[in-house]
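Okay, here's what each chain looks like letter by letter:
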Amino acid sequence: MTQRRDIGDLFAQAAGLASGYRGAIDEASTPPMDYAAMLAAFDLPTPEAGAPAAAVIADLATRAQPGLRAMTGGRFFGWVIGASEPVGVAADFLTSAWGQNTANYAATPAAAAVETVVARWVLELLDLPRSASVGFVTGATMANFVGLAAARGAVLRRVGWDADGDGLFGAPPITVLIGDDAHTTVFSALQFLGLGHNRVVRVAADADGRMRVDAFATALASCQGPIIVVLQAGQLNTGGFDPAAAIIPLAHARGAWVHIDGAFGLWARAAPAVAHLAEGFDLADSWATDGHKWLQTPYDSGYAIVRDAEAHRSAMTIAASYLPPVAAGERDPSHFVPELSRRARGFASWAVIRHLGRAGIAALIEGHCRLASRMATCLAAEPGVRIVNDVRLNQVIVRFGDSDAATEAAIARIQADGVLFAGGARWRGQWVMRLSVISGPTTQDDADRASEAILNAWRVVRGANASDDLARNAQAG
Ligand SMILES: Cc1ncc(COP(=O)(O)O)c(C=O)c1O
């Protein structure tokens with residue numbers, strides 16, 4: 001065991017390694033070593049004897065760092081993820097050091113109180129009903145799970161069935177209406193809840209993945225019994241928003257519960273220049289969003305928000321004789337999430353929101369949207385490059401040479417060059433490259449360097465394709 005007198009040096013060593021790593025991120029242009037190399041680096045026999053803590057930490061960093069991808073850098077455009085704002089990371093160090101098991105407010109007053117306050121801040125920033133409840137979960141996948149669990153309980157209670165107590169066997173069937181381009185994790189959440197990922201009615205979407213109101217109205221007309229509608233604020237590929245203002249009143253007129261997957265896009269509501277895109281989403285009954293995407297908190301940060309706090313609590317509450325009782329009107333953190341023991345997720349969110357403030361969050365989001373459209377304009381000017389989506393938010397999807405092979409080759413070249421990271425995705429049956437401009441440190445210079453590197457890579461691929469064509473023609477001739 002580490003002696004008390006050695007703790008200070010150990011923590012300082014970790015902080016030094018962390019700052020050394022983060023300070024060098026901008027220069028991290030080489031792609032990381034691959035998984036096999038990392039497995040070899042870590043794969044020691046099960047340790048029989050221990051080792052001194054300082055040596056373990058030094059060794060951990062030496063082994064891990066060659067296999068780390070520059071996800072917290074300014075030219076990381078892969079998936080849709082944030083960059084762990086340093087103030088949040090520092091708060092997370094403290095969270096780990098404080099070691100609070102955040103189930104119960106009487107046991108850990110600071111960790112519970114910070115969640116109560118961050119819950120209010122998140123509702124105010126996103127302009128959602130102030131009386132809604134907020135659960136601090138691992139991410140949007142679990143936030144979708146929690147919101148849909150509350151939905152499942154509530155719509156069945158309305159027809160006299162207690163799903164939380166009696167489960168789903170023999171329950172009246174629930175119809176789930178969901179957009180054709182919903183995120184895969186919503187289907188996972190439905191699966192976890194016994195609602196099935198196939199047992200849904202998929203509603204047709206437009207070219208940018210937004211649910212079509214006419215198709216929704218037709219699908220709704222043929223529904224019977226309890227209904228849950230899942231809408232999306234920010235489609236993964238296009239950044240598109242379902243037309244919430246038109247759909248939610250139709251759904252509510254039929255007694256449906258409306259859940260929103262707004263993992264990143266819901267944050268448009270915190271940025272005046274793009275807030276109109278997410279209009280009407282406040283009318284819903286539950287919302288899932290992430291801190292570890294646009295808000296830039298470190299990982300393990302999602303918010304499950306439910307208008308009817310009692311429905312939320314009833315879906316999640318864990319009670320036991322050894323847990324202190326909760327006073328009327330008070331909030332126990334464990335009443336709004338699936339877990340009992342967990343880290344104190346509120347501290348990092350508190351630190352990031354306190355550091356950026358409403359103005360800083362709006363500037364961050366608006367800046368990313370401006371850079372996304374700047375990159376799209378720059379790339380679209382190049383022969384053979386096509387921007388596939390209507391770029392209104394932060395997502396840009398790009399097709400090269402109008403073929404899957406050329407697009408894959410361009411992505412491979414871009415990744416090998418290592419100036420930026422961007423990945424591929426399938427959209428409407430075609431392979432595209434996706435740029436997600438959502439990393440806190442991304443500057444205009446990063447965006448311009450990335451655009452230039454993408455064009456350079458594409459020119460090489462295009463040149464190679466042209467010489468292949470020439471060679472083939474010569475052979476044929
Ligand atoms: C629209 C959408 N929903 C849900 C998720 C899942 O979020 P998480 O990975 O935080 O669980 C994502 C992740 O990219 C997303 O983009």
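Now for a description of the structure that goes with this document. (Residues numbered from 1 in each chain as written. Predicted model: local features only at pLDDT ≥ 70, side-chain atom pairs only at ≥ 80, totals over all residues. Heavy atoms only, no water.)

Here the focus is the side chain of Arg331. Its place among the elements puts Arg331 in the loop between α11 (309-316) and α12 (346-380). A polar side-chain atom of Arg331 sits 3.3 Å from a polar atom in the side chain of Glu115. Of note is the side chain of Arg331, whose polar atom sits 2.5 Å from the backbone oxygen of Val134. Those residues within four positions of Arg331 in sequence are excluded, and the remaining contacts are Tyr105, Glu115, Thr116, Val134, Gly135, Phe136 and Phe336. (Helix = DSSP H or I, 4+ residues; strand = E, 2+ residues; numbered from the N terminus. Polar contact = N/O pair within 3.5 Å; in protein donor to acceptor, adjacent residues only side chain to side chain. Contact = heavy atoms within 4.5 Å.)

Bringing the site of the ligand into the picture now. Close to the ligand lie 13 residues; Thr141, Asp261, Asp290, His292 and Lys293 are nearest. The side chain of Asp261 places a nitrogen or oxygen atom 2.7 Å from a nitrogen atom of the ligand. Lys293 has a polar side-chain atom sitting 3.1 Å from an oxygen atom of the ligand. Against a free-state accessible area of 390 Å², the protein chains account for coverage of 85% of the ligand. A per-class count over the shell around the ligand returns four nonpolar, six polar and three charged. (Near = heavy atom within 4 Å. Areas by Shrake-Rupley, 256 points an atom, 1.4 Å probe, with all protein chains shown as cover. Nonpolar A, V, L, I, M, F, W, Y, C, P; charged D, E, K, R; others polar.)

Counting buried positions along strand β7 (residues 302-306) yields five of five residues, so the element is predominantly enclosed. A two-sided burial pattern is seen for β7, the buried positions comprising Gly302, Ala304 and Val306 on one face and Tyr303 and Ile305 on the other. The pairing of strand β1 (residues 133-137) with β7 spans five bridges and is classified as antiparallel. Looking at the pairing, Ser133 lines up with Val306 of β7. Looking at chain direction, strand β6 (residues 286-290) and β7 are connected through five bridges and run antiparallel. Within the sheet, the bridge partner assigned to Asp290 lies in β7 and is Gly302. (Buried < 20%, exposed > 50% of the residue type's maximum accessible area, 1.4 Å probe, protein only. Pairing = 2+ DSSP bridges.)

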